[in-house]
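Take a look at the letters that make up each chain.
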Amino acid sequence: MATFELYRRSTIGMCLTETLDEMVDNGVLSPELAIQVLVQFDKSMTEALESQVKSKVSIKGHLHTYRFCDNVWTFILQDAVFKNEDSQETVGRVKIVACDSKLLTQ
């Protein structure tokens with residue numbers, strides 16, 4: 001199963017990467033094993049989001065910038081309003097990165 005490395009730039013992904021780097025620097029972990037952990041993290045995040053997230057969110061805001069490069073859409077919204085069934089949240093600036101999930105099966 002192919003995966004994207006998008007989730008490595010999330011807060012939890014960056015913390016994992018920093019921790020693995022520290023463990024490699026201290027000789028606790030080999031670089032090869034650290035890479036295997038990151039690959040498994042990518043797979044696990046993809047599977048968890050596909051199977052466990054059921055809620056839907058609508059987003060409205062001012063489209064500041066958009067870009068399509070290498071089958072990846074990037075949107076930067078200003079004054080974005082996120083709504084789901086229970087709540088609404090306004091964010092001053094948000095970056096959304098979207099990839100075609102069909103590319104994962106290739």
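Being a predicted model, the structure only gives us computed values, none of them experimental.

## With respect to the packing of aromatic side chains
Step number 1: The final tally for this structure, using the stated rule, is 3 aromatic pairs.
Step number 2: Consider the rings of F68 and W73, whose centres lie 4.7 Å apart with planes at 40°: the pair is tilted.
Step number 3: Residue classification places F68 among the partly exposed residues on the basis of a relative accessible area of 48%.
Step number 4: Assessed through its relative accessible area of 35%, W73 is described here as partly exposed.
Step number 5: Relative to F75, the ring of W73 lies with its centre 5.5 Å away and its plane at 10°, an arrangement referred to as stacked.
Step number 6: Residue class for F75 comes out partly exposed when judged on its relative accessible area of 26%.
Step number 7: The structure contains a cluster of three or more aromatic residues connected by ring pairs, namely Y66, F68, W73 and F75.

About the thresholds
Residues numbered from 1 in each chain as written. Predicted model: local features only at pLDDT ≥ 70, side-chain atom pairs only at ≥ 80, totals over all residues. Heavy atoms only, no water. Phe/Tyr/Trp six-rings, centres within 6.5 Å; stacked < 30°, edge-to-face > 60°. Buried < 20%, exposed > 50% of the residue type's maximum accessible area, 1.4 Å probe, protein only.

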